[in-house]
Amino acid sequence: MERLQINLGERSYPIYIGEGLFSRLQEIKPTGDRYLLLTDQNVDVYYGDLVMTAIGREKCHKYIIAPGESSKTMETVIQILSYMLDCQFTRKSVIIALGGGVVGDIAGFCASIYMRGIHWIQLPTTLLAQVDSSVGGKTGVNMPQGKNVIGSFYQPQVVVIDTDVLKTLPRRELISGIGEVIKYGIICDYNFFSYIHNHLPSLLTLEKDILEKVIYRCCKMKAEVVAADEREGGLRKILNFGHTFGHGLEAAANYEYYTHGEAVLIGMMVESKIALGMDWIDETYYKEITEAIEKTGISLDISHMDRELLLEKMLRDKKNQENKISFILPKGKGKVQEVLLPKEAVVW
Ligand code: ADP
Ligand code: ZN
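Residues numbered from 1 in each chain as written. Chains lettered and ligands numbered in written order. Predicted model: local features only at pLDDT ≥ 70, side-chain atom pairs only at ≥ 80, totals over all residues. Heavy atoms only, no water.

In the numbering adopted here, UniProt assigns the feature "binding site: Zn(2+)" (unreviewed entry) to Glu 180, His 243 and His 260. A maximum C-alpha distance of 9.9 Å among these annotated residues, which run over 81 residues, shows that they cluster at one spot. From the set just named, the residues that line the largest cavity comprise His 243. The residue His 243 is located in helix H9 (residues 243-252) in this model. (UniProt positions renumbered as here; feature names shortened; annotations may be inferred. 1 Å grid on protein atoms, 1.4 Å probe; cavity = no way out; pocket = protein on both sides within 12 Å on 5 of 7 lines; lining within 4 Å. Helix = DSSP H or I, 4+ residues; strand = E, 2+ residues; numbered from the N terminus.)

What surrounds ligand 1 is a group of 18 residues, the closest being Asp 40, Gly 101, Thr 125, Thr 126 and Thr 168. Between ligand 1 and Gly 101 there is a distance of 2.7 Å, counted from an oxygen atom to a backbone nitrogen or oxygen. Side-chain polar atom of Thr 126 to an oxygen atom of ligand 1: 2.6 Å apart, as the coordinates give it. Look at ligand 1: alone it shows 570 Å² of surface, and the protein chains cover 87% of it. Contributions of two or more residues to the shell around ligand 1 are made by helix H2 (41-55), helix H4 (101-113) and helix H5 (127-133). If one sorts the elements of the shell around ligand 1 by residue count, H2 sits on top with four residues. Along the lines of polarity and charge, the residues of the shell around ligand 1 split into ten nonpolar, six polar and two charged. (Near = heavy atom within 4 Å. Polar contact = N/O pair within 3.5 Å; in protein donor to acceptor, adjacent residues only side chain to side chain. Areas by Shrake-Rupley, 256 points an atom, 1.4 Å probe, with all protein chains shown as cover. Nonpolar A, V, L, I, M, F, W, Y, C, P; charged D, E, K, R; others polar.)

When cut into domains, the chain gives domain 1 (2-168) and domain 2 (171-345). Contacts between the two partners involve 27 residues from domain 1, matched on the other side by 27 residues from domain 2. Of the roughly 2,400 Å² buried between domain 1 and domain 2, counting both surfaces, carbon and sulfur atoms make up 71%. On the domain 1 side of the contact with domain 2, Leu 127, Val 131 and Phe 153 bury the most area, a combined 24% of that side's loss. Summed over the shared surface of domain 1 and domain 2, the number is one salt bridge. Linking domain 1 to domain 2 there are four residue pairs in polar contact (both at pLDDT 80 or more). (Domains from an automatic or database assignment. Contact = heavy atoms within 4.5 Å. Buried area = accessible area lost by both parts, 1.4 Å probe. Salt bridge = Lys/Arg side-chain N within 4 Å of Asp/Glu carboxyl O.)

In this section: the nonpolar core. If you look at the biggest cluster of nonpolar residues, it comprises 76 residues, and the most contacted ones within it are Ile 15, Val 181, Leu 203, Ile 215, Leu 249 and Phe 327. When we break this core down by domain, the ones giving at least three residues each are domain 1 (2-168) and domain 2 (171-345). Counting 23 residues, the second largest nonpolar core, distinct from the first, contains Val 77, Phe 89, Ile 95 and Ile 106. (Core = buried A, V, L, I, M, F, W, Y, C linked by side-chain atoms within 4.5 Å. Buried < 20%, exposed > 50% of the residue type's maximum accessible area, 1.4 Å probe, protein only.)

We now examine the pattern of salt bridges. Summed over the entire model, instances satisfying the criterion amount to 17 salt bridges. With its nearest N and O atoms 3.4 Å apart, the salt bridge here joins Lys 343 to Glu 308. Of the two residues, Lys 343 is situated in the segment after strand S11 (336-341) and Glu 308 in helix H12 (residues 307-315); the sequence distance between them amounts to 35 residues. Since its relative accessible area comes to 31%, Lys 343 is described here as partly exposed. Through salt bridges with shared partners, one network takes in Glu 69, Lys 72, Asp 105 and Lys 147.

So, on to the environment of Thr 76. Structurally, Thr 76 is set in helix H3 (residues 74-86). Put simply, Thr 76 and Val 141 are 65 residues apart on the chain and 9.1 Å apart in space, counted from C-alpha to C-alpha. Thr 76 has contacts with Ile 65, Ser 71 and Ile 106, leaving out every residue within four places of it along the chain.

Within the open sheet, the seven strands sit side by side as S1-S2-S9-S6-S5-S3-S4. Their pairing is mixed. At either margin of the open sheet sits one strand with a lone partner, and together these are strand S1 (2-8) and strand S4 (60-65). Going across the sheet, the axis of each strand differs from the next one's by a mean of 20°, ignoring polarity. In the sheet, strand S5 (residues 94-99) pairs with strand S6 (residues 119-124) via six bridges, with the strands oriented parallel. (Pairing = 2+ DSSP bridges. Axes fitted to C-alpha atoms, helices over the stretch in contact; angles between N-to-C directions.)

The next thing to look at is unusual backbone geometry. We note that Gln 88 has phi near 60°; this positive angle belongs to a residue other than glycine. Note that Gln 88 resides in the loop between H3 and S5. We classify Gln 88 as exposed; its relative accessible area is 60%. For Asp 279, which is not glycine, the phi dihedral falls at a positive 65°. Inspection of the secondary structure puts Asp 279 in the loop between helix H10 (260-277) and helix H11 (283-295).

The structure is reproduced here in structure tokens:
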């Protein structure tokens, strides 16, 4: 088991990473008078009972939401908060988020506003949530006007990453998480990128040692970036490599066709090509990047997408300035830099 201490401002909390950790939650969990286990229907089938038993059934209520992004709404939040009030949860109660990013975002948001804030713990069950959304404390929901536009920064008391749960994760969701893993290497650590590039097959077959090491490294890198810039002023922007194009792609496909990680993988490919065109990276490094992305096996063909629609979606991003699109592009190995580009310069 690995233990990583996250320090963000005045808040400090541990992330535990290892096999079979859910059955050891009794030793790890913070004390509460009662617990609300929030999970989705799919995850509940696999791990609901295990976690209920580990926490102690007498003190634990379970609330199950429908899986998928469509649950990430204010309506869901209100239903959960009402349920908690009806069951007389107190300021000393604890919310346990068991699931992917959707469950984590909703649970953290509920915890941040229930009785002005109660403790919560995160048990991320997708690779994407383990390496990305479980560090940084962003919580929230979508609105008809946009994604993640209502929410708060609210850190959990502890994050417990049980690597065993990835065995039941659909392959497409696993690859979605790998998109972010590759991203960390490109933005801040070329050696890590090479390691991933060489060990991708073992990562995809969930080899224990590699998995633990990779999740640990990703959480550490994200924690370092976020600690330096908790509220997204400057440095945190580097996490957006692959995301300007990726978000555009997701939006242009109505958030239905691509998973987030697939869109980021394609986004990294396109954005690296732009960097190559600007001489920010050389041909050899560009090839390494594209090879690593291809090895995931996802379809990289976006010829069916409408160019104008994609550009229009990218132009809507709040990071843009003066009608130019903000990109984070690789500039040398293991480094990235922001640049504002007019839409004519965005080629793929
Ligand atoms: P993300 O972390 O990518 O935001 P979601 O919360 O949308 O992911 O979860 C993606 C899908 O995977 C959902 O349908 C969810 O129910 C399912 N899921 C999450 N974790 C697991 C797991 N460990 N095993 C099987 N299915 C899972
Ligand atoms: Zn992302």
